[in-house]
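This is what each chain is made of:
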Amino acid sequence: MKVVVLNEIRKGFYLDSVALMRLSREVSAAPGVIEAALMMGTPSNTAIMRNAGLLDERVVVKGNDLVIAVKAGTELAARDALDGAIKSLAKPKGQGEAQAAWRPHSIAAAVKLRPEINVALISVPGDFAAGEARKALNRGLHVLMFSDNVSIEDELSLKLQARKAGLFMMGPDCGTAVIGGAPLGFANKLRRGKIGIIGASGTGTQEVSCLISEAGDGISHAIGVGGRDLKKDIGGITTLMAIDAFDSDPDTSHVVLISKPPHPDVAKSVLERIGKSKKSFTVCFIGAPEVALPPNARFSPTLKGAAELALGGKKIGGEFEADAVAARLPRRTGQGGIEGLFAGGTLCAEAQVILASAGRKVTSNAAIPGVPKLEDGLDEGRDRLLDLGDDEYTRGRPHPMIDPSVRDEALRVALKNPRLSAILLDLVLGYGAHADPAEHLTRIVAARGHDAPALIASVVGTESDPQVRSTQVRKLEQAGIIVAPSNAQACELAVAIVNNARR
């Protein structure tokens, strides 16, 4: 098949990574386009594009250059897509002098223009992120760093600098925070309330906060700390600062801590600090065994359980009984396997906890302790639970929360897999996420056969989100997809369907 690749290099042209992800998705959807990417010209990004056949080996780029790359079936399709990308890049500059006047091009300019600003959101390639974060900290700004690929040494240095200055360094790789009701990164429109969240996990924070909000309670703040904060190298610096902050916050009465298993030494120091707090805590270390907690804290192995404890024991989706729902469904002809195709990494981790606790043998590309990784060669006969937001699936492509087509091919294959009786899916709504993920998903599964595995979904979101949770649920249900009240209950239903088929 003939393939045409076109490149455009914009020297010294910067655009943040989230905006580039969205533009990449739009260009990739153009007629005749096979693949497209808009990325800053860092060494890691150029390597990704060259390996994907998107960037000519002879093209020389620097880290502060923007690379537009299009691969298409014809010269005309490639040229049209490239022109469309260039026009999209020009749009912000063509919206009038009034708008351009409040678009500063540096942190220094932003602070000069708006001296009341106290938070900087850093979303640049990892090679530049630490430098920009230092500029923000030096100007007295808290930092939320969406960027990843930042060295552990830089993270430690930044967090020590922030702590000394009494500032929060949230991240790197911090995808979610809600500060005083203001959503940062991928976040949802939540009710305000007295429950605080400390999250070393983006989609875990979103799931718990949305379950709490939809149950009628609310969130004071959700402080993201980054996925490595509870590792030994970092020592929980931001987590400990967040506990201090919530301890002195009169608008917070209960705190939920969400993380994958921390280093034992870090867990000890964090739990000792929790024990000195005046507030009550829920601790959710996904994939970790229950740990000894101080009297003011309770443990939950799942996100749903953490939300219920924060709600004072109120049950979420109490009317949803997995065994009863499974009994009403037609028995599946598959061989009893379950596959999970997740956009949310922590939702994938929670699925591993629940299926393993139900006696299922599981494997994952993002395995929790005790679960074999896919590449270990132990996946024969095991349920596969995939984190499609992992680097192996998103290298050079937008995250599936932005571009749900990342899941399409894996879903098409799973629908035809005779070994499977159930497929688990998640939709994550909110600011920054795809405008209508349910519509996209229903198009992909519309042609499935009558003997296809049962499709079970959970929807992370609220009625106040731009996508409107009930609208997304309705579209899924109209397409024959079963929607559970939470990711945990979706997993329980998958197990019940498989057990029912074997009776």
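Residues numbered from 1 in each chain as written. Predicted model: local features only at pLDDT ≥ 70, side-chain atom pairs only at ≥ 80, totals over all residues. Heavy atoms only, no water.

In space, the six strands of this open sheet follow the order E15-E16-E14-E17-E18-E19, with parallel pairing throughout. Among the strands making up the open sheet, the edge pair consists of strand E15 (362-364) and strand E19 (482-484). Mean inter-strand twist for the sheet, computed between neighbouring axes without regard to direction, equals 20 degrees. As paired strands, E15 and strand E16 (residues 383-387) are joined by three bridges and run parallel to one another. Looking across to E16, one finds that Thr-363 is bridged to Arg-384. The strands touched by helix H15 (residues 408-415) within the sheet are strand E14 (337-342), strand E17 (420-428) and strand E18 (454-460), with E17 carrying the most contacts at an inclination of about 155 degrees. (Pairing = 2+ DSSP bridges. Helix = DSSP H or I, 4+ residues; strand = E, 2+ residues; numbered from the N terminus. Axes fitted to C-alpha atoms, helices over the stretch in contact; angles between N-to-C directions. Contact = heavy atoms within 4.5 Å.)

This next bit is on empty space enclosed by the protein. According to the stated counting rule, one finds four cavities of 30 Å³ or more in the structure shown. Computed from the structure, the largest cavity encloses a volume of approximately 80 Å³. If you go around the largest cavity, the residues you meet are Ala-343, Pro-400, Met-401, Pro-404, Arg-407, Asp-426, Leu-427, Val-428, His-434 and Pro-437. A per-class count over the lining of the largest cavity returns seven nonpolar, one polar and two charged. (1 Å grid on protein atoms, 1.4 Å probe; cavity = no way out; pocket = protein on both sides within 12 Å on 5 of 7 lines; lining within 4 Å. Points joined across faces, edges and corners; volume = space filled by probe spheres on them. Nonpolar A, V, L, I, M, F, W, Y, C, P; charged D, E, K, R; others polar.)

Within the structure shown, the criterion is met by 18 salt bridges. Of the charged contacts in the structure, one is a salt bridge between Lys-11 and Asp-65, with a shortest N-O distance of 3.1 Å. Of the two residues, Lys-11 is situated in the loop between strand E1 (4-10) and helix H1 (17-28) and Asp-65 in the loop between helix H2 (43-51) and strand E3 (66-72); the sequence distance between them amounts to 54 residues. For Lys-11, a relative accessible area of 57% translates into the label exposed. (Salt bridge = Lys/Arg side-chain N within 4 Å of Asp/Glu carboxyl O. Buried < 20%, exposed > 50% of the residue type's maximum accessible area, 1.4 Å probe, protein only.)

Let us look at the nonpolar core. Counting 91 residues, the largest nonpolar core has Val-208, Ile-274, Ile-456 and Leu-493 as its most contacted members. Per-element accounting of this core gives the leading share, nine residues, to helix H18 (residues 487-502). Setting aside its immediate chain neighbours within four residues, Leu-493 contacts Phe-320, Ala-322, Val-325, Ala-326, Ile-456 and Ile-482. In terms of nonpolar packing, the next biggest core, distinct from the first, is built from 24 residues, Leu-374, Ile-444, Leu-455 and Val-459 among them. (Core = buried A, V, L, I, M, F, W, Y, C linked by side-chain atoms within 4.5 Å.)

Interpretation note: all reported values are geometric properties and have no functional meaning in isolation.
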